[in-house]
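Understanding the architecture of this molecule
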Amino acid sequence: MLTYTSRKEISEKTEQLRGEGKSIGFVPTMGALHRGHLSLIERANNETDILVVSVFVNPLQFNNTGDLTSYPRDLQADKKILETVGCDIIFVPDEKEMYPKPTTEKYNFGTLETVMEGTFRPGHFNGVAIVVKRLFDIINPHRAYFGEKDYQQLTIIRKLVETEKIAVEIVSCPTLREDDGLALSSRNANLTTEQRKEASFIFQTLQLAKKRKNHICPAHLRQLIINIFDANKNFKLEYFEIVDDKTLQPIMAWESSKGMIAFVAVWLGKVRLIDNIRII
Ligand code: PAF
């Protein structure tokens with residue numbers, strides 16, 4: 001496995017590999033790798049000749065300094081995992097390498113970024129777009145892999161690729177879950193043993209939403225689920241929304257011709273968790 005910290009050097013390497021006719025698969029990460037990342041890596045490994053993984057905790061996408069400092073980091077463990085799964089190239093830039101000058105890019109994703117994560121984490125998606133665009137420019141992959149747990153991020157990245165005319169295929173991969181339903185996330189590492197047990201409540205409640213949808217209208221279902229979260233004192237709900245899977249705008253009625261997804265963001269103690277479930 002080759003390790004690069006320099007943008008210039010990894011760019012030269014991936015361009016050389018492209019020149020040799022190799023397809024490049026790319027999995028961007030913020031480290032603290034878990035089975036969710038490994039499923040993206042496995043897919044990329046199967047579908048492309050060369051696998052590049054980046055590990056960079058991007059400060060621009062944290063709107064809360066506490067969240068940035070407590071974000072789990074273990075580069076040595078990540079490197080060991082990446083060696084065993086057959087990663088060819090790892091890119092581990094530092095902040096100066098990624099952002100030698102203050103950033104000025106301002107992306108506009110319209111109403112895709114004025115809902116859910118966009119409302120509760122101002123500036124988050126601009127930070128994600130800046131780093132992802134730069135990583136694409138540096139690595140120039142044929143395909144890049146993203147998880148559906150961050151579905152809004154995935155939608156925004158598809159939009160970024162479209163508006164910036166970036167020649168990369170975005171591949172989405174299903175959310176991986178623990179046996180009790182908790183979606184895999186690097187932030188799970190910050191849960192106490194007790195909170196880890198309580199966390200299964202999130203997916204259970206999403207499953208309940210899916211089950212109930214045939215009996216009530218979207219607005220009543222939304223309120224019912226909000227009430228269920230509010231009644232559980234372990235959780236502080238930020239949002240629960242049922243939205244169109246393309247526009248991410250709230251839906252007013254069930255329509256079988258449209259894709260619909262329910263999204264949730266909650267605090268469990270000091271840990272913020274997000275999840276989603278396809279309703280239709
Ligand atoms: O999903 C993540 O881990 C991050 O948002 C990403 C895409 C690596 C950008 O920093």
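Look a little higher up for the structure.
Notes on the structure in this doc start here. Since this is a predicted model, take the numbers as computed values, not measurements.

1. Some details on the pairing of strand 5 (residues 143–147)
- Sheet topology places strand 2 (residues 24–29) next to strand 5; two bridges connect them, and they run parallel. Bridge pairing links F26 to A144 in strand 5.
- One ladder, built from five bridges, connects strand 5 with strand 6 (residues 169–173); its direction is parallel. Bridged to R143 within strand 6 is E169.
- Taken together, strand 5, helix 8 (residues 151–163) and strand 6 form a β-α-β motif whose crossover is right-handed.

2. Focus: the sheet that holds strand 3 (residues 50–55)
- Spatial strand order, 1-4-3-2-5-6: six strands in an open sheet with parallel pairing. Each edge of the sheet is formed by a strand with only one pairing partner; in this case those strands are strand 1 (2–4) and strand 6. With strand direction ignored, the average angle separating the axes of adjacent strands in the sheet is 25°.
- Sheet topology note: the strand 3/strand 4 (residues 89–91) ladder contains three bridges and is parallel. Bridge pairing in strand 4 links V52 to I89.
- Strand contacts of helix 1 (residues 7–19): strand 1, strand 2, strand 3 and strand 4, with the helix running at about 150° to strand 4, the strand carrying the most contacts.
- Against the sheet, helix 8 touches strand 5 and strand 6, its axis set at about 170° to strand 6.

3. Looking at empty space enclosed by the protein
- If you walk through the whole model with that rule in mind, you get two cavities of 30 Å³ or more.
- One number sums up the size of the largest cavity: a volume of about 840 Å³.
- What lines the largest cavity is a set of 47 residues, and nearest its centre among them are M30, H37, Y71, D150 and Q153.
- By residue number, the principal contributor to the lining of the largest cavity is helix 7 (residues 124–139), which donates six residues.

What counts and how
- Residues numbered from 1 in each chain as written.
- Predicted model: local features only at pLDDT ≥ 70, side-chain atom pairs only at ≥ 80, totals over all residues.
- Heavy atoms only, no water.
- Pairing = 2+ DSSP bridges.
- Helix = DSSP H or I, 4+ residues; strand = E, 2+ residues; numbered from the N terminus.
- Right-handed = clockwise from strand over helix to strand, strands pointing away.
- Axes fitted to C-alpha atoms, helices over the stretch in contact; angles between N-to-C directions.
- Contact = heavy atoms within 4.5 Å.
- 1 Å grid on protein atoms, 1.4 Å probe; cavity = no way out; pocket = protein on both sides within 12 Å on 5 of 7 lines; lining within 4 Å.
- Points joined across faces, edges and corners; volume = space filled by probe spheres on them.

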